[in-house]
Amino acid sequence: MSAASQTSPMPVNVSSPSTTTVWKPRANRWAIALTVTLATFMEVLDTSIANVALPHIAGGLGASADEATWVLTSYLVANAVILPASAYLTTFIGRKRFYMICVLLFGISSALCGLAPSLPLLIFFRILQGAGGGGLAPSEQAILADTFEPKDRGKAFAVYGIAVVCAPAIGPTLGGYITDNFDWRWIFFINIPVAIVSLFLTNRIVEDPPHIVQEVKAMQKKGLNLDFLGFFLLAIGFGSLEFVLDKGQEDDWFGSRIITFFVITCVTSLVTLILWEMRQIRTGQKPILDLTLFRGRNFSIAFLLMFVLGFCLFGSTVLIPQFVQSLLGYTAEQAGLVISPGGLGIILLMPLVGFLVAKVDARILVAYGFFSCSVAFFAMLNLNLDVSYGYVATLRVFQASGLAFLFVPISTISFAGVPPNKNNDASGLTNLARNIGGSVGTAFLVTVLARRAQFHQQRLGDHLTPNTGAFQNSMSLMGRYLHDRAGMAYSFMQGRSMAQGTVMRQLVIQSTMLAYLDVIKCFAIAMGCMIPIIFFMTKVKGGRGGGVH
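Attention here is on the structure that accompanies the text. On a predicted model such as this, the values are computed, not experimentally measured, just so you know.

1. Looking at the overall build of the protein chain
Counting its regular elements, the protein chain contains 22 helices and 0 strands. Taken over 549 residues, the protein chain has a buried fraction of 54%. Expressed as a percentage of contacts within the protein chain between residues at least 6 apart in sequence, the contacts between residues at least 24 apart total 85%. Accessible surface for the protein chain amounts to roughly 22,700 Å². Of this, 66% is attributable to carbon and sulfur atoms.

And the structure:
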């Protein structure tokens, strides 16, 4: 399909039986959907389950808390590198075989992570695990796009979406429960039976469609001609980006020579990669990134929407547990339980969204989702230090109800007008957008939270000057109170000193609370700004996105 047809103002309808020949797998389509969703849930869960276990990992392996964060960073870096390259690798060995290799690598590396005797080895095994996990999501989404007819694709993506959106929500809860009641190594061991079942079912019922088989045969005739330069630039570019996002705030961003070096390396590598890939396309070579997809208006905007979805989804998934733990005194397990009801809400709504995608203009569903999420974030501005568990959980459910209307329609639109031989490329890029968005959202949360807390602390501190009469009077009263209540155990001056410490702690807590509200406001605005952009996409007629088969 030409670029012109993708950007045409006419509604996209790629399901006309007169122009398409639909390939149908031999196995039941819904069995295939559940099979690939199983591995999806396992992989996405692993991006968040280790977060709450970091202190236990650091203690168990004799490492510092800062060193233990590499357990997360190493996984994300490997994941980001493999995600966009998965479509390219599929063309050499076939999608089913590549998918099974990724599941096998993920399962074996999970076992090795659980057995790791030292932090360096654990980080190395996490890199292998991230590489295996990075190849799963694009392959799974492309399998669904090829397995289901365009009119049913929304329902299939709904099943897949439950895993993608719910796994990060329950990850902290499950991770907290395992580390509190068993051993942190079991957060990795639980992947092994899932990987075994996934391999067995994939081998039995998943198959490559004819266009994949033909492409593999054609590539094998040409010989193995890997784009080593493209893969090298991809690894350096996205690896540097993940390092900068993860360590930027900790090292004061451009105040650090290391961060500045990696920013320059990232920009240089990605710009060179784009120029190299454009040359590969012009000369008829197989590019590691198919940038021609961005000629389509629908795909380009869907890529942006998926980025913002990842930005707010992962950012809020980190924000809420961190808020209730740091300011409300919740345990890790209790913090996970706060966001778990949101996952249940998504599970209940996803089938409805999958049904509506085939009946309603997908743009309307996406607009509703972003509007609902934006309103939910604005409602979260009512959070304070006295809120109950029920109130925070209700707000999360409200937010999750909007998220349910985003993933499936955006995924459906992103495949509209994309030929089947580019489904893998489209899936890899949209998953990359979501993951990079999540990394940017988390880095944004950490940075803005720290800097706005300092800002509010300074501003509130301006009203607590020791020379004011009100301050002196308050300190005297609190000092006298502590002196009297302690049964004369403390002198009046000791009581006054303790009162000053209490005031400073309250100052820090109130400043942090205001900083959280600032971050939430940014998430609300970001979601709201996407609404007008949605309607620059062309209508996907009858919600039937997807490639021509």
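Moving on, there is more to tell.
2. Here we look at the nonpolar core
Core analysis: the largest hydrophobic core is formed by 112 residues, its most contacted members being Phe370 and Leu383. The residues touching phenylalanine 370, leaving out its near neighbours within four places in the chain, are Leu305, Val308, Leu406, Ile410, Met527, Met530, Ile531 and Ile534. Counting 24 residues, the second largest nonpolar core, distinct from the first, contains Ala58, Leu119, Ala167 and Phe188.

3. What about unusual backbone geometry?
With phi around 65°, aspartate 252 is a residue other than glycine that occupies positive phi space. Relative to the assigned elements, aspartate 252 resides in the loop between helix 13 (228–247) and helix 14 (257–282).

4. Structural notes on the packing of aromatic side chains
Applying the stated rule across the entire model yields 16 aromatic pairs. A centroid spacing of 5.4 Å and a plane angle of 80° characterise the contact between phenylalanine 311 and phenylalanine 523, whose relative ring orientation is edge-to-face. Linking phenylalanine 311 in helix 15 (residues 297–326) with phenylalanine 523 in helix 22 (residues 492–534), this pair joins segments that are 212 residues apart in sequence. Cluster of aromatic residues (ring-pair linked, three or more members): Phe311, Phe377, Phe444 and Phe523.

5. Some points on the packing of helix 5 (residues 70–93) against helix 6 (residues 95–115)
Geometrically, a packed helix pair is captured by the angle between its two axes and the distance between the axes. Interaxial distance between helix 5 and helix 6 falls to 8 Å at its minimum, and their mutual angle equals 150°. By the criterion of interaxial angle, the relationship of helix 5 to helix 6 is roughly antiparallel. Crossing angle aside, the handedness with which helix 5 passes helix 6 is right-handed. Residues Tyr75, Ser86, Leu89, Thr90 and Ile93 of helix 5 lie in contact with helix 6, whose contacting residues are Arg95, Arg97, Phe98, Ile101 and Phe106. Its residues placed into classes, the contact of helix 5 with helix 6 shows 6 nonpolar, 2 polar and 2 charged.

6. Topic: helix 14
The end-to-end C-alpha separation of helix 14 is 38 Å, in line with the 38 Å expected for 26 residues at 1.5 Å each. Inspection of helix 14 places Ile259, Thr265, Cys266, Ser269, Leu273, Glu277 and Gln280 among the buried residues, and these make up the whole buried set. Tucked inside the fold, the buried residues of helix 14 contact helix 13. Capping the start of helix 14, serine 256 holds a side-chain oxygen 3.3 Å from the backbone nitrogen of isoleucine 258, two or three residues further along.

7. So, the packing of helix 15 against helix 19 (residues 407–414)
Two elements in contact, helix 15 and helix 19, have axes separated by 8 Å at closest approach and are oriented at 155°. Classified by the angle their axes make, helix 15 and helix 19 are roughly antiparallel. The chirality of how helix 15 crosses helix 19 is left-handed. Note on element contacts: helix 19 touches helix 15 through Phe407, Ile410, Ser411, Ile413 and Ser414, opposite Asn298, Phe299, Ala302, Leu305, Met306 and Leu309. The residue inventory of the contact of helix 15 with helix 19, partitioned by class, reads 8 nonpolar, 3 polar and no charged.

8. As for a nonpolar patch on the surface
Residues Val267, Val271, Ile274, Leu275 and Met278 make up a contiguous nonpolar surface patch of roughly 440 Å² in combined accessible area. In this fold, isoleucine 274 is placed in helix 14. By relative accessible area, which is 41% here, isoleucine 274 ends up partly exposed.

Calculation criteria
Residues numbered from 1 in each chain as written. Predicted model: local features only at pLDDT ≥ 70, side-chain atom pairs only at ≥ 80, totals over all residues. Heavy atoms only, no water. Helix = DSSP H or I, 4+ residues; strand = E, 2+ residues; numbered from the N terminus. Buried < 20%, exposed > 50% of the residue type's maximum accessible area, 1.4 Å probe, protein only. Contact = heavy atoms within 4.5 Å. Areas by Shrake-Rupley, 256 points an atom, 1.4 Å probe, with all protein chains shown as cover. Core = buried A, V, L, I, M, F, W, Y, C linked by side-chain atoms within 4.5 Å. Phe/Tyr/Trp six-rings, centres within 6.5 Å; stacked < 30°, edge-to-face > 60°. Axes fitted to C-alpha atoms, helices over the stretch in contact; angles between N-to-C directions. Parallel < 35°, antiparallel > 145°, perpendicular 65-115°, else oblique. Left-handed = near helix turned anticlockwise from the far one by under 90°. Nonpolar A, V, L, I, M, F, W, Y, C, P; charged D, E, K, R; others polar. Expected span 1.5 Å × (residues − 1). Polar contact = N/O pair within 3.5 Å; in protein donor to acceptor, adjacent residues only side chain to side chain. Patch = residues over 30% accessible without salt bridge, like charges linked within 9 Å, V, L, I, M, F, W, Y side chains within 5 Å. Salt bridge = Lys/Arg side-chain N within 4 Å of Asp/Glu carboxyl O.

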